[in-house]
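Summary of structural features
Spelled out, the chains give:
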Amino acid sequence: MMEQHITLPENSIERRTTTLNVGPTHPATHGVFQNIMELDGERVVSTEQTVGYIHRAFEKLAERRPLYQITPITDRLNYCSSPINNMGWHLTCEKLLGVETPKRVDYLRVIIMELARISDHLICNSIVGVDTGAYTGFLYVMQYRELIYEIYEEVCGSRLTTNIGRIGGFERNFTNTAFTKLEKFLKEYPKVLKEFENLFSRNRIFMERTIGGGAISAERALNYGFTGPNLRAAGVDYDVRVHSPYSSYEDFEFDIPVGKTGDNYDRFLVRNQEMWQSLRIIEQAYQKIQGFTGADAEVYHADVPEYYLPKKEDVYTKMEALIWHFKIVMGEVDMPKGEVYKSVEGGNGELGYYLISDGGRTPFRLHFRRPCFIYYQAYPELIKGGMLSDAIVTMSSLNLIAGELDA
Amino acid sequence: MGLTNQYVQEKLTEKFGDQVFGFEENYGMLSFEAPKEHNLKVLQFLYDEATLGFTFLTDLCAVNYPDDKGRELAVVYHLHNLHENVRIRFKVFTSVETPDVYTATKLFASANWMERETYDFFGVNFVGHPNLKRILNVDEMDYFPLRKEYPLEDQTRIDKDDEMFGR
């Protein structure tokens, strides 16, 4: 109990704590999260989380699916940035199979992944705004997430659960419309991001609401297995894109923004800065892609006949293509034996895939390292002693995605 | 920079002798195992030893090998030295009859939920865990679904009422 100025009689209601159920379907939690909170007035004394409301047993499902059928499963982990999950999965398979992807494929992937990162951070940061009472930013930036989704749509046909790319590359080449849409986004988005920052970053109300709330030290964050923007906001410059570059990230020039205090405000700033860095990366990648000439400019997949579906006209006219098509679709290709751990920098942290193959056609075991499952454990520690309304902001600024949490 | 897999292996062998074994490199990542009684000692050594410094627990999960008698369950730790950027994989095996493994929660706060998840799906009993109960599945569940003895439903079964299941 907090220090009281008035002497209250024994058993008075003010002397007791209240138990409050927040969730599982509470409008303030943006997803299925349940927290049973013990409150002293408006202050959080303790909390216990319940997770697993949308658990779908992905790891078990994956044990009966050939590799290409697992891609749609990964969509449903962090559905705010499905392309990163898809690419991470393709990279894992490629690592197991020893596939080398052409540079152009890498750059196209980088463009898609960074677009996904922007859309992920955009949602998270604007939701932090909503929870502090500023709905405008959220509604406004949705328009620009739409531009990103249109690019996905042009590349793979779908928007949210993208199932984008294949083992070895992309299912089809980027059309000119896709590049036009990308140019439109690159032209229009910086202005909007600047406006968005103006709206929040030095906004007195926003700062008062977020500074100091949900803070964590670098040591605790590391011990709790934080990764991604949440760890960087605490001051640790760990980024998978730099530490273990994948998909040719080493070819790009970009900074890792870090915070200091690891509170809600720093997390917000780090995400905003990362969006600027993502834009830088996309611009560089687009330039590099325009630099390809001749046959190189048309490459959009590696040569992996065992896993990459042949062209449809070849399937109808050529024997070998027909055989591969059948074998791939029916999942009759045996994988090499081995154990692989591959991670990518997802929207909210290090997304890892631990794949064990026993030489069969489906994984023997597949484990997803889901960043928000791991760092959500720290939530009671983050909000202890703070106000309930700050706990709500902390939850959204951690970028928790129920789909990823529950796998 | 300069922490190599070979150095990690030498350090471990020097400290634990033949208690650490099964060294192999899979796609560049050093992997080894130890008896399950020593899992904490090994983790603590990897954590404390200044030249090793594996202070970040990336991932903890289990694997079920039903045909390997007496070693049916493997608990796999992925550790990361963030300074040198070296990852290693450490395994302990346990039998399915007595799946008791010491908890790593004292060392890594992040191990708490990961161990609960592992318990939930494989039934590994983490001795000393502060709150070892199911996390993703319902509390009433009386089996460990990710073990190989529970196969996925046969996709061709026809004994279900189509009207009820919408297929």
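Now for a look at the structure at hand. Predicted model only: the values in this text are computed from it and were never measured. (Residues numbered from 1 in each chain as written. Chains lettered and ligands numbered in written order. Predicted model: local features only at pLDDT ≥ 70, side-chain atom pairs only at ≥ 80, totals over all residues.)

Some points on unusual backbone geometry
Residues and elements named next belong to chain A. Its identity is not glycine, yet Ala 57 carries a phi of approximately 55°, on the positive side. Here Ala 57 shows up in the loop between β3 (43-50) and α1 (58-62). C-beta crowding within 10 Å serves as the criterion here: with 16 such atoms nearby, Ala 57 is assigned to the partly exposed category. For Asn 163, which is not glycine, the phi dihedral falls at a positive 50°. The topology assignment puts Asn 163 in the loop between α5 (135-156) and α6 (176-200). (Helix = DSSP H or I, 4+ residues; strand = E, 2+ residues; numbered from the N terminus. Buried ≥ 20, exposed ≤ 12 C-beta atoms within 10 Å, placed from the backbone.)

A few points about the sheet that holds strand β1 (residues 18-22) of chain A
Residues and elements named next belong to chain A. Taken together, the three strands give an open sheet; going across it, the order is β1-β2-β3, and neighbouring strands pair in antiparallel fashion. The two strands at the open ends of the sheet, each matched to only one other strand, are β1 and β3. Taken pair by pair, the neighbouring strands of this sheet meet at an average axis angle of 20°, ignoring direction. Two elements, β1 and strand β2 (residues 34-40), share five bridges in a ladder whose sense is antiparallel. Residue Leu 20 lies in a different strand from β2, and its bridge partner there is Met 37. (Pairing = 2+ DSSP bridges. Axes fitted to C-alpha atoms, helices over the stretch in contact; angles between N-to-C directions.)

Some details on the interface of chain B and chain A
In this assembly, 26 residues from chain B lie in contact with 29 residues from chain A. Listing elements by their share of the side of chain B that touches chain A, those giving two or more residues are β3 (56-64) and α3 (111-122) of chain B. Considering only residue class, the side of chain B that touches chain A consists of 16 nonpolar, eight polar and two charged. (Contact = placed C-beta atoms within 7 Å. Nonpolar A, V, L, I, M, F, W, Y, C, P; charged D, E, K, R; others polar.)

Digging into the nonpolar core
Among the nonpolar cores identified, the biggest contains 152 residues, and A:Ile111, A:Ile112 and B:Ala62 are the most heavily contacted of them. In terms of residue count, the dominant contributor to this core is helix α4 (residues 103-131) of chain A (14 residues). The residues contacting A:Ile112, other than those within four sequence positions of it, are A:Pro83, A:Met87, A:Val155 and A:Ile164. (Core = buried A, V, L, I, M, F, W, Y, C linked by C-beta atoms within 7 Å.)

Points about the pairing of strand β4 (residues 338-345) of chain A
Among the eight residues in β4(A), seven count as buried, and that is most of the element. Once β4(A) ends, the chain turns through four residues before running back antiparallel as strand β5 (residues 350-357) of chain A, passing A:Gly349 with a positive phi of about 150°.

Overview of the packing of α4(A) against helix α16 (residues 388-397) of chain A
Helix packing for two helices is described by the angle between their axes and how far apart those axes are. Residue and element names in this part refer to chain A. Where α4 contacts α16, the two axes come as close as 8 Å, and the packing angle between them is 170°. Comparing the axis directions of α4 and α16 gives the class roughly antiparallel. Contacts between α4 and α16 involve Ile 127, Val 128 and Asp 131 from the first element and Ile 392, Val 393, Ser 396 and Ser 397 from the second. Tallied by class, residues from the contact of α4 with α16 come to four nonpolar, two polar and one charged. (Parallel < 35°, antiparallel > 145°, perpendicular 65-115°, else oblique.)

Without other data, these values stay purely geometric and don't point to any function.
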